[in-house]
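Here is how the chains run, residue by residue.
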Amino acid sequence: MTEFRVTVSTGEACGAGTWDKVSVTIVGTRGESPPLPLDHFGKEFSAGAEEDFKVTLPQDVGQVLLLRVRKAPPASRGLLGHLVPDAWFCRWFQLALPQGTPLLRFPCYQWLEGTRSLVLREGAAKVSWADQHPVFQQQRQEELKARQDMYQWKTYIPGWPHCLNEMTVKDLDLNIKYSTVKNTNFYLRGISAFADLRIKRLLGRKGLWRSLHEMRRIFGFQRTPAAEYVYEHWKEDTFFASQFLNGFNPVLIRRCRYLPKNFPVTDAMVAPVLGPGTNLQAELEKGSLFLVDHGILSGIQTNVINGKPQFSAAPMTLLYQRPGSGPLLPIAIQLSQTPGPNSPIFLPSDDKWDWLLAKTWVRNAEFSFHEALTHLLYSHLLPEVFTLATLRQLPHCHPLFKLLIPHTRYTLHINTLARELLIAPQQVVDRSTGLGIGGFSELIQRNMKQLNYSDLCLPEDIRNRGVEDIPGYYYRDDGMQIWGAMERFVSEIINIYYPSDMSVRDDRELQAWVREIFSEGFLSRQSSGVPSSLETREALMQYVTMVIFTCSAKHAAVSAGQFDSCAWMPNLPPTMQLPPPTSKGQARSEGYIATLPPVNATCDVIIALWLLSKEPGDRRPLGTYPDEHFTEEAPRRSIATFQSHLAQISRGIQERNQGLALPYTYLDPPTIENSVSI
């Protein structure tokens, strides 16, 4: 007979404790024990508790390999106990022999609901995680089969990345749902915003805004320093240009090496800004011109709001970087991809209303491009693919599962909620944006055909766009620092578990994970350059860094500033009610307001973006890993080093921001969530 001490840790979240009964079976190299009840007098497994149990095995099972854990309602709960599941969040189990042999820690960090069994493997197993022991092989296969049955793929819209096959958040497994705290905070925030606008009699009002001054009333329910700055500076050319660098869509600007043939800007047009003797060709050769091209919007289908057809444009914006540290300036805007008499090139020297209207059309294009592509596709749909593939193809004991699982937290919940409340027919996107679901779908389908792996890897993206040295590009500066810290962290973890390139090639679970991301996320398009297999440690390091960056920092950069940018709606109109101007000299104050979104669409979008910009509690900032999936000393040291690097980056960002009129905070590590959770 062998006596063990079993320690069980229960999570601290609301509802984590349970009245149900738990038993454990110890599986070893010489056999396995019968189910051993873990029972004290009174209630066990209270939230936040760590409890010890002594269990006696009738026979020696040899070296411990696995634990089989079972939770079931006690007989005293009767029928009600079976009809009303009592969920339990188990953090970990720990085994100790009386003679003081090393403790064995079995990470769990899972919800168990109703009558449920699971198998746990020791976190720092003496054998390799890829060991061929039949007990481990069977355990991994059974675990993955169960998860693949639970988390299945579906096609939401043809041409989009595939997603989780669940209709509503009520159908989700507890392990991917919002916590009670997060869910409650989310809905309370929404209710408070709706109530504020309803009191002001703005919510549901379908007409035009009476004046620009009236739009100011929408600020009431939430003020931020950045939103106030936008209101004060939105008409300024320098601020307009700076938003391509540090606004909510800082991914489109690129150095202009030659003027596109369909954008016939002349020296004379831009001489008022560049000065006498302007030579555009010389400026192109010096690298001082930049282009923002929304050409993907050309010919996109548009929406109908309040019974009125809406309009879209596909503008091109030419920008000039003054020598030295001068500000970036817009110098020409064309609102279509087809030059001609009906598509004039607007200039800063034009009438102030003509120029303001042209800039506002560009900002509307920014809204459409960002919300459909930068935000929805790149920062929600792709992270959902990474999340699902991780759950379906990597067992809990796999080092990549341990590395990636913190960066998948709540992603399936927020995306399922988005399919319920945002991108479903007659919901926010359909009710209140210029493109609607049809236009969003078309944009995503177009972009999927031209998406490239290098777009997802920040260092390559920065190089490809030629923006390595444009001053004041804080998205680039902060993002590159965070990418570098992540890459070092990921490299250390991979080098611990993968001694050679061959070990990468031979990891069948890793290859299945990469292959599923390629097929379900990138629809098996070879032209994307996204790998369908990984052959080297270096390739694996880049790939995993890309996944973590996309699921954390990239999402923060393009999501957290949405409300700041849109709270003053003329800076970021979600739709336009009149067509783009075909000549100059027609714009006036009344026509400008008539072009902007109606009141109800404005309110709808601003509430949605306010909710999606702010984490509703239960946050886990980047590098914060309270669920200790790694139990070995080496990866734990790497985590501590990563956290130290992030703290150093944060100190530098905060010091820089003290000297900025508009601080760039979206990539300050403490403000970045580990995962796409909002």
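Anyway, here's the lowdown on the structure attached to this text. Keep in mind it's a predicted model, so treat the numbers as computed, not measured. (Residues numbered from 1 in each chain as written. Predicted model: local features only at pLDDT ≥ 70, side-chain atom pairs only at ≥ 80, totals over all residues. Heavy atoms only, no water.)

1. Here we look at the overall build of the chain
- Helix and strand counts for the chain stand at 23 helices and 18 strands.
- In summary, the chain has a C-alpha radius of gyration of 28 Å against a globular reference of 26 Å for 678 residues, a match within 12%.
- With the C-alpha coordinates of the chain rotated into their principal frame, the extents come out at 95 × 55 × 45 Å.
- Expressed as a percentage of its 678 residues, the buried residues of the chain come to 59%. (Helix = DSSP H or I, 4+ residues; strand = E, 2+ residues; numbered from the N terminus. Rg over C-alpha atoms; globule rule 2.2 N^0.38 Å. Buried < 20%, exposed > 50% of the residue type's maximum accessible area, 1.4 Å probe, protein only.)

2. Structural notes on the layout of surface pockets
- Looking at the second largest pocket, its volume works out to about 760 Å³.
- Taken together, 30 residues line the second largest pocket, and the ones lying closest to its centre are Val251, Leu252, Arg254, Asp455 and Arg465.
- At the level of secondary structure, the elements contributing two or more residues to the lining of the second largest pocket comprise β12 (254-255), β13 (289-293), α9 (352-393), α13 (436-450), α14 (453-456), α15 (458-465) and α19 (537-559).
- Along the lines of polarity and charge, the residues of the lining of the second largest pocket split into 16 nonpolar, six polar and eight charged. (1 Å grid on protein atoms, 1.4 Å probe; cavity = no way out; pocket = protein on both sides within 12 Å on 5 of 7 lines; lining within 4 Å. Points joined across faces, edges and corners; volume = space filled by probe spheres on them. Nonpolar A, V, L, I, M, F, W, Y, C, P; charged D, E, K, R; others polar.)

3. Here we look at the environment of Ser117
- Along the polypeptide, Ser117 turns up in strand β9 (residues 116-121).
- Ser117 sits 365 residues away from Ile482 along the chain, and the two C-alpha atoms are 39 Å apart.
- Residues in contact with Ser117, not counting those within four places in the same chain, are Val69 and Arg70.
- Only 3.5 Å separates the side chain of Ser117 from the side chain of Arg70, close enough to count as a polar contact. (Contact = heavy atoms within 4.5 Å. Polar contact = N/O pair within 3.5 Å; in protein donor to acceptor, adjacent residues only side chain to side chain.)

4. Let's talk about helix α5 (residues 225-233)
- Residues of α5 that are buried: Ala226, Ala227, Glu228, Tyr229, Val230 and His233.
- As for α5, its buried residues are in contact with α6 (237-246) and α20 (562-566).

5. Remarks on the pairing of strand β17 (residues 328-334)
- Along β17, seven of the seven residues are buried, which leaves the element largely enclosed by surrounding structure.
- Pairing of strand β16 (residues 316-321) with β17 involves six bridges; the strand directions are antiparallel. Of the residues in β17, the one forming a bridge with Thr317 is Ile333.
- Counted between consecutive antiparallel strands, the loop separating β16 from β17 contains six residues, among which Gly324 sits at a positive phi close to 70 degrees.
- The sheet contact formed by β17 and strand β18 (residues 345-346) spans two bridges and is antiparallel. (Pairing = 2+ DSSP bridges.)

6. Here we look at a negative patch on the surface
- A grouping of Glu487, Asp501, Glu535 and Glu538 is seen on the molecular surface, where their side chains present a negatively charged patch.
- With respect to the helices and strands, the residue Glu538 is situated in helix α19. (Patch = residues over 30% accessible without salt bridge, like charges linked within 9 Å, V, L, I, M, F, W, Y side chains within 5 Å. Areas by Shrake-Rupley, 256 points an atom, 1.4 Å probe, with all protein chains shown as cover. Salt bridge = Lys/Arg side-chain N within 4 Å of Asp/Glu carboxyl O. Lys, Arg positive; Asp, Glu negative; His and termini not counted. Charge placed at Lys NZ, Arg CZ, Asp CG, Glu CD.)

7. Some details on the sheet that holds strand β1 (residues 2-10)
- Spatial strand order, β5-β1-β7-β8: four strands in an open sheet with antiparallel pairing. Lying at the two open borders of the sheet, with one neighbouring strand each, are β5 (50-57) and β8 (104-112). Strand-to-strand twist of the sheet, defined as the mean angle between neighbouring strand axes without regard to direction, takes the value 25 degrees.
- Judged from the seven bridges that link them, strand β7 (residues 88-96) and β8 form a sheet pairing that is antiparallel. Across the sheet, the residue bridging to Phe93 is Phe106, located in β8. (Axes fitted to C-alpha atoms, helices over the stretch in contact; angles between N-to-C directions.)

8. Overview of helix α2 (residues 134-150)
- Here α2 contains 17 residues, and its C-alpha end-to-end distance of 24 Å stays within 8% of the 24 Å for a straight helix at 1.5 Å per residue.
- When α2 is considered as a whole, its buried residues turn out to be Phe136, Gln137, Gln139, Arg140, Glu143, Leu144 and Arg147. The buried residues of α2 occupy an angular sector of 165 degrees when the element is viewed end-on, so they sit on one face. Looking at α2, the residues exposed on the side facing more than 90 degrees away from the buried face are Pro134 and Gln141. (Expected span 1.5 Å × (residues − 1). Arc of directions from axis to C-beta.)

9. Considering a nonpolar patch on the surface
- Side chains of Tyr187, Leu188, Ile191 and Leu421 sit close together on the surface and give an oily, nonpolar patch of about 380 Å² of accessible area.
- Looking at which element gives the most residues to the nonpolar patch, the answer is helix α3 (residues 180-199), with three residues.
- With respect to the secondary-structure elements, Tyr187 resides in helix α3.

10. Considerations on the nonpolar core
- In terms of nonpolar packing, the biggest core is built from 165 residues, with Ile253, Leu400, Trp513 and Val544 touching the most fellow members.
- It is α9 that contributes the most residues to this core, 22 residues altogether.
- Those residues in contact with Leu400 that sit more than four places away from it in its chain are Leu394, Tyr498, Leu510, Trp513, Leu540 and Val544.
- Membership of the second largest hydrophobic core comes to 26 residues, among which are Ile26, Val69, Trp88 and Leu104. (Core = buried A, V, L, I, M, F, W, Y, C linked by side-chain atoms within 4.5 Å.)

11. Quick notes on empty space enclosed by the protein
- Using the criterion set out here, one finds three cavities of 30 Å³ or more in the structure.
- The volume enclosed by the largest cavity comes to roughly 240 Å³.
- Lining of the largest cavity is provided by 17 residues; of these, Glu371, His375, Leu422, Val429 and Leu612 occupy positions nearest its centre.
- If you list the elements that add at least two residues to the lining of the largest cavity, you get α9, α11 (411-421), α12 (428-432) and α22 (599-613).
- Take the lining of the largest cavity: its biggest share by element is five residues, from α9.
- Grouping the amino acids of the lining of the largest cavity by side-chain chemistry returns 13 nonpolar, three polar and one charged.
- By volume, the second largest cavity is sized at about 60 Å³.
- Looking at the second largest cavity, the residues that line it are Trp234, Phe240, Gln243, Leu356, Lys359, Thr360, Arg363, Pro570 and Asn571.
- Element by element, the count of residues in the lining of the second largest cavity is highest for α9, at four residues.

12. Side note on the packing of α9 against α11
- Put simply, α9 and α11 touch, their axes get as near as 9 Å, and they point 130 degrees apart. Between α9 and α11, the crossing angle belongs to the class labelled oblique. Crossing hand, α9 versus α11: left-handed. In this structure, α9 contributes His380, Leu381, Pro383, Glu384, Thr387, Leu388 and Leu391 to the contact, and α11 contributes Thr411, Leu412, Ile414, Asn415 and Arg419.
- Class assignment of the residues belonging to the contact of α9 with α11 gives a composition of six nonpolar, four polar and two charged. (Parallel < 35°, antiparallel > 145°, perpendicular 65-115°, else oblique. Left-handed = near helix turned anticlockwise from the far one by under 90°.)

13. Quick look at the sheet that holds β16
- Across the sheet, five strands lie side by side as β12-β13-β16-β17-β18; this open sheet has antiparallel pairing. The sheet is open, and its two borders are formed by β12 and β18, each paired with just one other strand.
- Two elements, β13 and β16, share five bridges in a ladder whose sense is antiparallel. From the neighbouring strand, Leu291 faces β16, where its bridge partner is Leu318.
- Where helix α7 (residues 267-274) meets the sheet, it contacts β16, β17 and β18, and its direction lies at approximately 155 degrees from that of β17.

14. Topic: the packing of α9 against α13
- As a packed pair, α9 and α13 sit with axes 10 Å apart at the nearest point and diverge in direction by 60 degrees. The interaxial crossing formed by α9 with α13 has right-handed handedness. Residues Ser368, Glu371, Ala372, Leu373, Leu376, Leu377, Tyr378 and Leu381 of α9 touch α13, and the partners they reach there are Phe440, Leu443, Ile444, Asn447 and Met448.
- Residues of the contact of α9 with α13, tallied by class, amount to ten nonpolar, two polar and one charged.

15. Overview of the packing of aromatic side chains
- Taken as a whole, this structure holds 23 aromatic pairs when the rule is applied.
- Relative to Phe549, the ring of Trp483 lies with its centre 5.3 Å away and its plane at 65 degrees, an arrangement referred to as edge-to-face. In this pair, Trp483 is assigned in helix α16 (residues 474-497) and Phe549 in helix α19, connecting sequence segments 66 residues apart.
- Accessibility expressed as a relative area gives 3% for Trp483, which makes it buried.
- Here Phe549 falls in the buried class, since its relative accessible area comes to 2%.
- Here the aromatic cluster, defined as three or more aromatic residues joined through ring pairs, consists of Tyr231, Trp234, Trp353, Trp568 and Tyr592.
- When the ring centre of Trp92 is taken as origin, the NZ or CZ atom of Arg105, which lies over that ring, is 3.7 Å away. (Phe/Tyr/Trp six-rings, centres within 6.5 Å; stacked < 30°, edge-to-face > 60°. Lys NZ or Arg CZ within 6 Å of the ring centre and 35° of its normal.)

Don't take any of this as a statement about function, it's just geometry.
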